[in-house]
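Working through the structure, step by step
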Amino acid sequence: MTETLTPAMLFTDTRITRAIELSWREADLLDRKDYHTWQDLYTADGRYVVPIDRGTDDFDNTLNMIYDDARMRGMRVVRMTEGYAIAAVDAAVTTRTVSRFVPESVTDDEVHLRAAQILVAYKRGRHDIWAGDIEYRVRLGATPADDRIALKVIRLVDSEDAVPAAGFLL
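Report follows, based on the coordinates. (Residues numbered from 1 in each chain as written. Predicted model: local features only at pLDDT ≥ 70, side-chain atom pairs only at ≥ 80, totals over all residues. Heavy atoms only, no water.)

Here we look at the side chain of Gln117
Mapped onto the secondary structure, Gln117 falls in strand β4 (residues 110-123). Among the residues examined, Gln117 registers a relative accessible area of 4% and is labelled buried. For Gln117, the contacting residues outside a window of four places in its chain are Arg96, Thr97, Val98, Trp130, Ala131, Gly132, Ile134 and Leu170. (Helix = DSSP H or I, 4+ residues; strand = E, 2+ residues; numbered from the N terminus. Buried < 20%, exposed > 50% of the residue type's maximum accessible area, 1.4 Å probe, protein only. Contact = heavy atoms within 4.5 Å.)

Here it is as structure tokens:
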């Protein structure tokens, strides 16, 4: 059953709090480049998507910068952690801020959240800023340690412009 959401629920509903805490844990793992632990935060059928069209929800039939299922996330982690790959060798140092959480829907099994992310990347004496709106669908487990991301969509503010290659995950 989906409930009517109020602003106060952001601070009082433990299901929402758990979903927010999972998003913060993910940001910390990505900033620390702990990609193996990061990929374990996703459900087996979870997707990690960076669409070009900010307005689309039809990721299967539109062009995306990233559209990773479990297999593709695993391949991406291997590229970023093993052997000689420019993404791994010359990766930027990153710091993320994830905030402005808005719960879209809450059930006993899943929380759908929107948030904003600002990511600052530093590489070769240069800072780049990546900003976007994020959508999370978090499946709640028996305990907070069992919660997993079923969907993460990052809608970059400049997604339709030329976006430089990133040696990190968003």
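After that view, the rundown keeps rolling.
Examining the packing of aromatic side chains
Counted under the stated rule, the structure contains 3 aromatic pairs. With a centroid separation of 5.3 Å and 65° between ring planes, the pair formed by Trp38 and Tyr42 is classed as edge-to-face. For Trp38, a relative accessible area of 0% puts it in the buried group. Through a chain of ring-to-ring contacts, three or more aromatic side chains come together here, namely Trp38, Tyr42 and Tyr48. (Phe/Tyr/Trp six-rings, centres within 6.5 Å; stacked < 30°, edge-to-face > 60°.)

Here we look at the environment of Ala91
Along the chain, Ala91 turns up in the loop between α5 (86-89) and β3 (93-106). Classification of Ala91 as partly exposed rests on a relative accessible area of 22%. In the structure, Ala91 is positioned 33 residues away from Arg124 in sequence and 9.8 Å away in space, judged by C-alpha atoms.

Concerning the sheet that holds strand β5 (residues 126-139)
Spatially, the 6 strands line up as an open sheet ordered β2-β1-β6-β5-β4-β3, and their pairing is mixed. Because the sheet does not close on itself, it has two edges, and the strands there are β2 (64-68) and β3. Neighbour to neighbour, the strand axes of the sheet diverge by 15° on average, direction disregarded. Summarising the sheet, β5 and strand β6 (residues 148-156) pair through 8 bridges and their orientation is antiparallel. Looking at β6, one finds that Asp133 is bridged to Arg155. (Pairing = 2+ DSSP bridges. Axes fitted to C-alpha atoms, helices over the stretch in contact; angles between N-to-C directions.)

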